[in-house]
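Fold and contact review
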Amino acid sequence: MDSLVTTEWLAAELGKPDLVVLDITYYLPPEGRTGRAEFARAHIPGARFLDVDEIADPETDLPHMVPTAGRFARLVGTLGIGNDTRVVFYDQKGIFSAPRGWWLMRLFGHTKVAVLDGGLPKWQAEGRPVEGGEPAPATPAAYQPDFIAAFLAGIGDVKRIVRQTSPFATAPDAEGGAALILDARARGRFDGTAAEPRPGLPSGHMPGASNLPATELIAPGGTFLPPEALREKFAAAGVDGTRPVVTSCGTGITACVLAFGLHRAGLPEAAVYDGSWTEWAARPETPKVK
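The chain has the name Sulfurtransferase in an unreviewed UniProt entry, where Roseomonas mucosa is given as its organism. If you open the UniProt record of the chain and go to Catalytic activity (unreviewed entry), you find "2-oxo-3-sulfanylpropanoate + [thioredoxin]-dithiol = [thioredoxin]-disulfide + hydrogen sulfide + pyruvate + H(+)".

1. Quick word on the nonpolar core
If you look at the biggest cluster of nonpolar residues, it comprises 57 residues, and the most contacted ones within it are Ile81, Phe89, Trp103, Met105 and Phe234. At 7 residues, the largest contribution of residues to this core is made by helix α9 (residues 255-264). Among the domains, domain 1 (4-147) and domain 2 (150-282) are the pair contributing at least three residues each to this core. Counting 17 residues, the second largest nonpolar core, distinct from the first, contains Ala153, Val158, Phe190 and Ala209.

2. Observations regarding the packing of aromatic side chains
Following the criterion strictly, the structure yields 6 aromatic pairs and no others. Here the aromatic rings of phenylalanine 39 and phenylalanine 49 are separated by 5.7 Å at their centres, their planes lie at 50 degrees, and the arrangement is tilted. Pair noted here: phenylalanine 39 is in helix α2 (residues 35-41) and phenylalanine 49 is in strand β3 (residues 48-49), with a separation of 10 residues, a long-range link. Given the relative accessible area of 0%, phenylalanine 39 is considered buried. Relative accessible area serves as the criterion here: at 10%, phenylalanine 49 is assigned to the buried category. Ring geometry for phenylalanine 72 versus phenylalanine 108: centroids 4.2 Å apart, planes at 15 degrees, classification stacked. Remark: phenylalanine 108 occurs in the loop between α4 (98-107) and β5 (113-116) and phenylalanine 72 occurs in helix α3 (residues 69-78); sequence separation between them is 36 residues. For phenylalanine 72, a relative accessible area of 0% translates into the label buried. Sitting above the plane of the phenylalanine 96 ring, lysine 93 keeps its charged end 3.9 Å from the centroid. Between the NZ or CZ atom of arginine 128 and the centre of the ring of tryptophan 123, over which it lies, the distance is 5.6 Å.

3. Considering the pairing of strand β7 (residues 180-183)
In β7, alternate side chains face the same way, and those of Leu180 and Leu182 on one face and Ile181 and Asp183 on the other are all buried. Both β7 and strand β9 (residues 245-248) contribute to a ladder of 4 bridges, which runs parallel. Paired with isoleucine 181 across the two strands is valine 246, which belongs to β9. Bridging between β7 and strand β8 (residues 210-211) involves 2 bridges; their strand directions are parallel. If you follow aspartate 183 over to β8, its bridge partner there is asparagine 211.

4. Observations regarding the sheet that holds β7
With respect to topology, 5 strands assemble into an open sheet ordered β6-β10-β9-β7-β8, the strand pairing being parallel. Both outer strands of the open sheet, β6 (152-153) and β8, are each paired with one neighbouring strand and no more. Two strands pair when backbone bridges link them, and β9 and strand β10 (residues 271-273) are joined in this way by 2 bridges, in the parallel orientation. Bridge assignment links threonine 247 to a residue of β10, and that residue is valine 272. Packed on one face of the sheet, α9 meets β7, β9 and β10 and runs near 145 degrees to β9.

So, how was this worked out
- Residues numbered from 1 in each chain as written.
- Predicted model: local features only at pLDDT ≥ 70, side-chain atom pairs only at ≥ 80, totals over all residues.
- Heavy atoms only, no water.
- UniProt positions renumbered as here; feature names shortened; annotations may be inferred.
- Core = buried A, V, L, I, M, F, W, Y, C linked by side-chain atoms within 4.5 Å.
- Buried < 20%, exposed > 50% of the residue type's maximum accessible area, 1.4 Å probe, protein only.
- Helix = DSSP H or I, 4+ residues; strand = E, 2+ residues; numbered from the N terminus.
- Domains from an automatic or database assignment.
- Phe/Tyr/Trp six-rings, centres within 6.5 Å; stacked < 30°, edge-to-face > 60°.
- Lys NZ or Arg CZ within 6 Å of the ring centre and 35° of its normal.
- Pairing = 2+ DSSP bridges.
- Contact = heavy atoms within 4.5 Å.
- Axes fitted to C-alpha atoms, helices over the stretch in contact; angles between N-to-C directions.

Set out below in structure tokens:
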């Protein structure tokens with residue numbers, strides 16, 4: 001299964017016993033909507049809903065941080081996902097939070113996972129069927145996770161990158177100094193001229209970071225740009241394929257859009273900084289640039 005599937009492909013595969021379709025829509029707090037409520041109004045037939053705030057670490061005050069392997073295995077297992085299950089994620093915005101599901105599955109070793117290109121808007125625009133209400137409970141499955149640490153970056157990793165890219169650094173750090181931090185937020189939030197959506201959080205960026213808004217990877221029709229166009233976007237942001245990349249955003253959602261885009265472009269896989277700007281900006285000791 002390709003990592004990006006079309007609506008035509010999904011329509012032909014719906015109902016097959018080894019396929020699970022998941023709506024993983026996330027709305028920002030100012031939007032005043034919830035993915036679960038919108039799912040109950042209309043979703044792809046047979047789909048189930050996965051809440052990014054549920055498949056997360058409940059022991060932190062940071063939003064939707066990566067859960068433990070045990071929690072992840074239990075939650076996907078209740079959705080009927082086993083190690084051989086094919087999983088397709090979509091969201092109600094088109095391409096926004098679906099890559100977060102793709103990244104989470106791969107973080108825990110699952111490779112049979114894809115994103116629906118264009119999401120629910122494209123599905124509905126083509127006149128394909130939807131249904132409402134809550135689906136019947138899935139038949140639970142056993143899931144054995146294989147955590148891949150290289151796909152995840154913590155604040156300590158990012159601090160090291162920032163130190164080693166500082167003009168005062170004396171030598172590069174082989175473990176992270178050569179990495180590029182690539183921020184998926186809108187340009188105004190990145191350069192500090194627009195406010196963050198979370199109250200009390202300053203805008204700006206990490207020293208040395210580059211900006212590539214996640215929206216720039218999406219074509220006018222709401223689908224992902226083709227690989228060559230993606231490579232051009234990444235090259236303009238400083239990604240040349242030789243340096244490790246750590247993606248960041250506000251809370252770790254659209255950072256996964258960049259990670260997915262790098263994968264689609266055939267560039268080296270990125271690590272996602274899960275705490276992202278929400279963690280970095282709230283810490284008094286971290287440097288911020290406007």
